Amino acid sequence: MKPADVLADPKATIAAKLAALRTLQKSADAATTHVIARELLVAPEDLREPLLRALRKRDAAALYQRSLVDTRTDRAFAAKVLRCMKEKKAEAALAAALADDDADVRTAAAHALAVIGPSEATDALITTLADPSAEVRFFVVSALAAASDRERVKHALAARQPHETDVAVRSEIDRILRVN
Amino acid sequence: MTRPDNGATMGNIRAAFQPLITDGRLDLNEAKTLTTRLDADAPADLQAIAKHFGASISDDAWAELAKAAQSIGVSLAPRVAVSLLDQPELSAVASGAKSLSTASGRKDPGVKFVQAGLMLLARLTGNAALGLPKYGADGDLGGETTNAVKALQKLAALPETGAVDKATLVAIHRAIQDASAPPAQLKNPRFTDAAFAQIASGAISFSRGAKGDAVKAVQTALIDLGYVLPKFGADGDFGGETIFAITQFQKARGLTPTGKLDQRTLKELDAVATQPGAKATLYPEYDQMMKDGVMSFTFGIGYDETGAHIDEIRKAKNGFASRGFQEVAPGAFNEAQWKAVGVDSKTIDPLGTYFVKQFTFDGKTQTALIKYIDANTPNARQRYLDGFKQSDVVLYGGHARYGSGPDFDDVNSPDGNVVIGANAQGHKNGSLVSAYDAHIREVLKNAPNVLETEALTKDYQMMVFSGCTTDNYLDELRAVPKNKDSSNLDTMTSNEILYWNNMTSNLFITIDSLMTKKSKNHIEAELLKNNGVGFTADGFGGNRYQP
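This text gives an overview of the structure that appears in the document. A quick note: this is a predicted structure, and the numbers were derived from the prediction, not measured. (Residues numbered from 1 in each chain as written. Chains lettered and ligands numbered in written order. Predicted model: local features only at pLDDT ≥ 70, side-chain atom pairs only at ≥ 80, totals over all residues. Heavy atoms only, no water.)

**Some thoughts on the overall build of chain B**
- For chain B, the helix and strand inventory stands at 22 helices and eight strands.
- Evaluated residue by residue, chain B yields a buried proportion of 57% over its 547 residues.
- Here the contacts in chain B between residues at least 6 apart in sequence split such that 67% fall between residues at least 24 apart. (Helix = DSSP H or I, 4+ residues; strand = E, 2+ residues; numbered from the N terminus. Buried < 20%, exposed > 50% of the residue type's maximum accessible area, 1.4 Å probe, protein only. Contact = heavy atoms within 4.5 Å.)

**A few points about the interface of chain A and chain B**
- The interface is formed by 27 residues belonging to chain A together with 29 residues belonging to chain B.
- Buried area between chain A and chain B, summed over both chains or domains, comes out near 2,300 Å², and the portion from carbon and sulfur atoms is 54%.
- The largest per-residue losses of area from chain A upon contact with chain B belong to A:Glu45, A:Arg48 and A:Arg178, which jointly make up 25% of the total buried on that side.
- Taken together, chain A and chain B are joined by five salt bridges.
- A salt bridge links B:Glu305 to A:Arg48, with the nearest nitrogen and oxygen atoms 4.0 Å apart.
- Inspection of the region where chain A meets chain B yields eleven residue pairs in polar contact (both at pLDDT 80 or more).
- Among the secondary structure elements, those contributing two or more residues to the side of chain A that touches chain B are helix H2 (14-24), helix H4 (45-57), helix H6 (75-84), helix H8 (103-116), helix H10 (134-145) and helix H12 (167-179) of chain A.
- Per element, the largest residue contribution to the side of chain A that touches chain B is six residues, and it comes from H12(A). (Buried area = accessible area lost by both parts, 1.4 Å probe. Salt bridge = Lys/Arg side-chain N within 4 Å of Asp/Glu carboxyl O. Polar contact = N/O pair within 3.5 Å; in protein donor to acceptor, adjacent residues only side chain to side chain.)

**As for the pattern of salt bridges**
- Evaluation of the coordinates by the stated rule reveals 36 salt bridges over all chains.
- Look at the salt bridges and you will find they share partners, linking A:Glu45, A:Arg48, B:Asp304, B:Glu305, B:Arg401 and B:Asp407 into a network.

**A look at the sheet that holds strand S6 (residues 461-466) of chain B**
Residue and element names in this part refer to chain B.
- Strand order in this open sheet of eight strands is S2-S3-S4-S1-S5-S6-S7-S8, and the pairing throughout is mixed. Sheet topology places strand S2 (326-328) and strand S8 (536-538) at the edges, where each strand pairs with a single neighbour. Averaged over neighbouring strand pairs, the angle between their axes works out to 15° when direction is ignored.
- Pairing between strand S1 (residues 294-301) and strand S4 (residues 364-373): seven bridges, direction parallel. Note on S4: the bridge partner recorded for valine 294 is threonine 367.
- Contacting S1, S4, strand S5 (393-397) and S6, helix H16 (residues 380-390) runs over the sheet at an angle of about 140° to S6. (Pairing = 2+ DSSP bridges. Axes fitted to C-alpha atoms, helices over the stretch in contact; angles between N-to-C directions.)

**Remarks on the packing of H2(A) against H4(A)**
All names here are of chain A.
- Viewed as axis vectors pointing N to C, H2 and H4 meet at an angle of 5°, and their least axial separation amounts to 11 Å. Judged on the interaxial angle alone, H4 and H2 are roughly parallel. Taking contact as the criterion, the partners of Ile14, Lys17, Leu18 and Leu21 in H2 are, on H4, Asp46, Leu47, Pro50, Leu51 and Ala54.
- Grouping the constituent residues of the contact of H2 with H4 by class yields seven nonpolar, no polar and two charged. (Parallel < 35°, antiparallel > 145°, perpendicular 65-115°, else oblique. Nonpolar A, V, L, I, M, F, W, Y, C, P; charged D, E, K, R; others polar.)

**What about the packing of aromatic side chains?**
Residue and element names in this part refer to chain B.
- Taken as a whole and judged by the stated rule, the model has 26 aromatic pairs over all chains.
- Relative to phenylalanine 408, the ring of tyrosine 384 lies with its centre 5.1 Å away and its plane at 50°, an arrangement referred to as tilted. Of this pair, tyrosine 384 sits in helix H16 while phenylalanine 408 sits in the loop between S5 and helix H17 (425-429), placing them 24 residues apart in sequence. Here tyrosine 384 matches phenylalanine 408 in class, with each residue buried.
- Members of the aromatic cluster, each reached through a chain of ring pairs, are Phe299, Phe320, Phe325, Phe355, Tyr372 and Phe508.
- Above the face of the phenylalanine 508 ring, arginine 323 is positioned so that its terminal group lies 4.0 Å from the ring centre. (Phe/Tyr/Trp six-rings, centres within 6.5 Å; stacked < 30°, edge-to-face > 60°. Lys NZ or Arg CZ within 6 Å of the ring centre and 35° of its normal.)

**Let's talk about the pairing of S4(B)**
Residues and elements named next belong to chain B.
- In terms of burial, S4 is largely enclosed, as eight of its ten residues are buried.
- Pairing of strand S3 (residues 353-361) with S4, which is carried by nine bridges, proceeds in the antiparallel orientation. Opposite threonine 353, over in S4, you have tyrosine 372 as the bridge partner.

The structure is reproduced here in structure tokens:
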């Protein structure tokens, strides 16, 4: 089995995956970076750090920030990788991706902002509170919960609350308003 | 005066011989003395002695009586042929008119017969907990007898009161009947190896070090009954895992837990083992779970550094809503509202979040009450721990933290960790396996092991830990809590790579299955289907519940 296949094989052991990763690191091409990044999205905790180290070595954050604004690439995937890398520098690109036509991209971008913790993206997130997709709105609310400007967030969520129809989103808004 | 079948008057026999048996037992010397006093009524007297004192006759004394009987052409009846239920001294208990306890009827004439029955049972079954080694059948229902009665009641799944009531008397009677039955031919085709015939005859037993196909057959039978040999499986080597599984089996079947495959254990295994190739269908203990009309769950979603838990929170909230659960925010329900959904508000954490639903279970309206915890829950660790100690069903989906326990915050912080797999006494002395990552052990170095600091309910619980290396929790869950064993704790854990996007669905598989009274086999199959890899189920092998 090729190293890329071993790394992606859900039944491979951690040791086998680590050995495959070592082999893959010898290659510097973008396809290999994608293989490593794909595994990072689902990796068990034992594998996280080795995968992250490998991606940082390859400057994968820059690669996926470029992908995020390139309509020819899998932009949702790029946002997911940036989330797993907790790439703070990607905040502006992720905020911009909240306006993407594709709901999957908006979902992944909001999810990434929820993990990274938004500062400059707060305005874009508040705007996206009215997104037609409930999934997007859920991650937007989660991201706002991590924002530093609590008063503004509270005000925006209180304004959204009466209009929110999705049960999970409403539950999250209620929770955040209770805590705040 | 009731006369026994053989015509001897019980009162006469007692008057003649009981003074000899001052300690309630008939030893060899006493038996020899008795046989010298037999006269023309010897056949009847011997039968009466055998029946009346059967339970307290030692093996060599019994042989002496049998020899005397044989010399005059009498064949003695089985040791306890006189049913306890037919003893005139116990007629009021047998009819339910009275019960005997330390508080009432402590020195009732029937006590001695109950004691004799317990002693016989201890001898026949090898279960020392039923014996009365210090005081014997002294006619006084004191602490020793009370404890033996409680042990019997536990085996018979009766309330452990220590009082001899009708149900307890019937249970002793039935247990004696079962244990006195002549050794049956082994009937399960699993046990055709010649070694089994020898074990069945009492000539040998299997213990540590035994090897071969016969051992393998025993191991396979245990596995198919739901006992777990997690590391070595059916390898034909009677080692520690097999000893543990045999011990669990013996405990579940009311046998003395020796860890050996002896005559009695084989007889029991032969009686309950499935046919070759078939797995037993086992169930969680639904009767115990539902005894208060509420199936209570603690539902925890752990923390993930890359935010995977956020999506699982979304799926959980949608999942509860789609199943018709109502979310109850902290403090949203008052006492009357909880009562209206069948829940005693005293059992509720006022600052906790719950999901509640009434559903039909066994034709009755019951309540599913889910205490919900995720990484956003204030004091998540403590809230989860409170539920972990009490809930019928404890669920966790998230990182196993290298076998250390559930965690509701960042891997580098000890604040959210419910530590199971580290820092117990057994980890210090090497009898338990610590979490396998040096970094997590360092993070948790000052965090107490919750199984040592907290008391779990003695009531039945089922725990499902959906995380990659949650199998590592098992040795601690089995070894540390003093009031937990496989009779009141069933677990499902994993030693496979599980993905975060299956965490919530794994927990819902469990909830859906339990609310529809599915078997453990069904839950296992559904989890396997959902994850592509299996979970380890432990403790179900001895469960009594059958639909």
